[in-house]
Amino acid sequence: MRLPNYTLIGLFSMPGVLANLLGPTYPPPRDLSSSNSRVAASWKNLTSQLNAYLDGHANGTSGVSALKNLTFSAGLFSTLDPKAEHLQYHHTASEVAESPIGAKKVDGDSIYKVASVSKLFTVLAGLLELDDKDWERPLTDIFPSLAEQVRGNRDKFQLTRDVQWDKITLKAIASQMSGIPHGGTAEFLYKFALAKISGSHNPKATDPNFYGLPPLNDSDLSLWPPCIGDQVQGCNPVPWDEGYAASAPVFLPWASPEYANNNFALLGLAISNLTGKTMDGWYGESIFDPLGMKSTFSSPPDNSSLSHHVTAETLQPEFQMDGGATIPSGGLFSTTNDLAKFGVGLLNSTLLPSEKTHEWMKPVTRTASLRYSVGKPWEIHRFVHAKSGIVTDIYTKLGDSGSYGGIVAIIPEFSAGFSFLGASSLASRSPLMLLAIDLITDSILPALMEQAACEAKQKFAGTYKAESLNSSITFSVVPPMQPEPGLKISSWVSNGTDLMPQFEALFSGKNVRLVPTIVPEDVSGKIAFRSYTSPDVKPNVGIGASSNLFSSLYDVSKWLTLDSLLWGAFATDLFIFDVEKDGKVKAVTPTAYRVKMEKK
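Remember, it's a predicted structure, so these values are computed and weren't measured experimentally.

Caption draft 1: Region of the structure containing the pattern of salt bridges. Evaluation of the coordinates by the stated rule reveals 17 salt bridges. Across the pair K277 and E285 runs a salt bridge, and its minimum N-O distance is 3.0 Å. For K277, a relative accessible area of 29% corresponds to the partly exposed category. The salt bridge involving K526 is made with D578; its shortest N-O contact spans 2.8 Å. You can see K526 sitting in strand β16 (residues 525-533) and its partner D578 sitting in strand β19 (residues 574-579), a full 52 residues away along the chain. You can call K526 exposed: its relative accessible area is 51%. Assessed through its relative accessible area of 11%, D578 is described here as buried. A network of salt bridges, in which partner residues are shared, links E129, K277 and E285.

Structure (structure tokens):
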């Protein structure tokens, strides 16, 4: 969208327009682990509460006490504070602790099955192993069986019955936008067959007529899904792509997001087909080995690490199951310590160039929820901070299957994140795991924001003066629990001119805040801040609101007018701070004013 010049002039004279930018409110915090850190204090408070519930010393109706039935490991990580990885919490349920096999007490090196967290590794491996042009190739170029299916349907094609494999690319399947069959879901036919074999006489378990379903010949293997790994019963022994070639689509390609395990089974097979490498080979060479993830596996780990396996007699069959073609969708194994290496590697762009990392960590499509988007294969949740209403995007990949689950959560604006891994044979495993992840999120996200604000106040707040001009500027920090948080200009004199009365003309309002827009990975050197101006009167644009949808456009769309008011090619809204390696701020340059002011 391009705004004509006369429109921009009008915008800068409008009172109470513009709002915050997408991104950080303060530079990311360097201290997550010391005794002075808000993050460490919040983690200590959370773990103390967990201890009270799990030890039976806390009363109440909260479901937190039920976490004692879940074996789990949680841990933080940060690119700016390596000691943040020591902020971990582990709990061993009796199912695992009393088992004659596996770990007796879980810790940062305990090996869990990570379920669909595997999808994140698979896409990253594809980004590292494949060329850009490969992502635009249709699946029919890679899988002959799919090409044959499309050719066979050419004269009898039905839009609602036939998947358009020739229009689905690797990019589409990695982004959950292919519309192909889900794969890996419970099959009624399998349930009925098992019930018959066991001799059950319950019609609900053995008779499809109970559900109004027509009878099927369960000996017809074409009706069954492809076999997984070493599976020989209740499946069709054909290659994965061939087994699903004739299935009906869920959506048309690129029409709507739909979670499908088949996307990543096919992506893994495609990586192997295009590179000529085994699955173990491309996972190890592209990710595990470069990041030093020595306890992460794409096949069930052998007995040499048995004392670290999070398993039990009830869990062992699932832990040791060979996932075959489904490994890229949900078959990897890892630890809390290794996931910290993985998270730091992503945030530091260790494996990908930084511009590729930034491109990858962006939404591909929205969902029907205003606080949840889909990436490649990111599940992006929008955390809204209380009081200020500031939004923090959390880039995650959740795993939730059978007896195992977990999450990797990346929070780019804080250069930090966390992981969670859980295991239990109980049906309550999934809701308990999600409860624990919520507890961590609700504890850590506000603490990260508060710590970032504290450090910004210590380092950026103060008065800056020029050496040879009557120019000075003073910054204070508005904390995150107040409206319009950020770096505030408290006073500003430029060559003897008091600019405070001119704020409305320069920044379209008086509620001016600065937020960081370009921050080096080590948060030193030159850091760019841009100004935003919050409306004097808050518009009615909350979740669920639809009135004034367009008339309030400029109240909430600062991105439309960034870098618009220039003075000799430099924007009036750009401030560049000089920051030393230790985080000390030395100077600031309002670029349009062409003067550097040293911090006093």
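That covers the picture; the talk isn't over yet.
Caption draft 2: How the structure looks around the packing of helix α4 (residues 118-129) against helix α10 (residues 261-275). Direction vectors running N to C along α4 and α10 enclose 30°, while the axes themselves pass 10 Å from each other. Classified by the angle their axes make, α4 and α10 are roughly parallel. In this structure, the crossing between α4 and α10 has a hand that is left-handed. Packed against α4, whose contacting residues are K119, T122, V123, A125, G126 and E129, the element α10 presents N261, F264, L267, G268, I271 and T275 at the interface. Classifying every residue of the contact of α4 with α10 gives five nonpolar, five polar and two charged.

Caption draft 3: Fine view of the pairing of β16. In terms of burial, β16 is largely enclosed, as seven of its nine residues are buried. Bridge count for strand β15 (residues 512-518) against β16 is six bridges, and the pairing is antiparallel. Across the sheet, residue I518 finds its bridge partner in β16, namely A528. Counting the residues between successive antiparallel strands, the hairpin from β15 to β16 contains six residues, one of them, V523, with a positive phi of roughly 55°. Pairing of β16 with β19 involves six bridges; the strand directions are antiparallel.

Caption draft 4: A look at the sheet that holds strand β7 (residues 379-384). Reading across from one edge, β2-β1-β10-β9-β8-β7-β6-β5 is the order of the eight strands in this open sheet, with antiparallel pairing throughout. In this open sheet, the two strands that pair with only one neighbour each are β2 (88-91) and β5 (365-366). In this sheet, strand β10 (residues 416-423) lies alongside strand β1 (residues 71-78) in antiparallel orientation, the contact comprising eight bridges. Bridge assignment links A74 to a residue of β10, and that residue is F420. Of the strands in this sheet, β1, β7, β8 (391-401), β9 (404-411) and β10 are in contact with helix α16 (residues 429-459), which crosses β8 at around 160°.

Caption draft 5: Highlighting the side chain of T441. Residue position: T441 is located in helix α16. The residues contacting T441, other than those within four sequence positions of it, are F383, I394, F418 and P446.

Caption draft 6: Fine view of the packing of aromatic side chains. Across all of its chains, the model carries 21 aromatic pairs by this definition. With 5.1 Å between their ring centres and 65° between their planes, F319 and F333 make a pair best called edge-to-face. Of the two residues, F319 sits in helix α12 (residues 316-320) while F333 sits in strand β4 (residues 333-334), which places them 14 residues apart along the sequence. Taking relative accessible area as the criterion, F319 reaches 0% and is therefore assigned buried. Geometrically, the ring pair formed by Y464 and F577 is edge-to-face, given 5.9 Å between the ring centres and 75° between the ring planes. In this pair, Y464 sits in strand β11 (residues 462-465) while F577 sits in strand β19, placing the two residues 113 residues apart along the sequence. Of the residues examined, Y464 reaches a relative accessible area of 0% and is grouped as buried. Taking NZ or CZ as reference, K376 lies 4.2 Å from the ring centre of W135, over its face.

Caption draft 7: The arrangement of the pairing of strand β13 (residues 486-494) in detail. Here strand β12 (residues 472-478) runs beside β13; their pairing, made up of seven bridges, is antiparallel. Paired with V477 across the two strands is L487, which belongs to β13. As judged from the two bridges shared by β13 and β15, these two strands associate in the antiparallel manner. Bridge pairing in β15 links L487 to L514. Both β13 and strand β14 (residues 497-498) contribute to a ladder of two bridges, which runs antiparallel. For V493, the partnering residue across the bridge sits in β14 and is D498. Counting the residues in the hairpin turn of β13 and β14 gives two residues, including N495, whose phi is positive at 50°.

Here is what the cut-offs are and how they apply
Residues numbered from 1 in each chain as written. Predicted model: local features only at pLDDT ≥ 70, side-chain atom pairs only at ≥ 80, totals over all residues. Heavy atoms only, no water. Salt bridge = Lys/Arg side-chain N within 4 Å of Asp/Glu carboxyl O. Buried < 20%, exposed > 50% of the residue type's maximum accessible area, 1.4 Å probe, protein only. Helix = DSSP H or I, 4+ residues; strand = E, 2+ residues; numbered from the N terminus. Axes fitted to C-alpha atoms, helices over the stretch in contact; angles between N-to-C directions. Parallel < 35°, antiparallel > 145°, perpendicular 65-115°, else oblique. Left-handed = near helix turned anticlockwise from the far one by under 90°. Contact = heavy atoms within 4.5 Å. Nonpolar A, V, L, I, M, F, W, Y, C, P; charged D, E, K, R; others polar. Pairing = 2+ DSSP bridges. Phe/Tyr/Trp six-rings, centres within 6.5 Å; stacked < 30°, edge-to-face > 60°. Lys NZ or Arg CZ within 6 Å of the ring centre and 35° of its normal.

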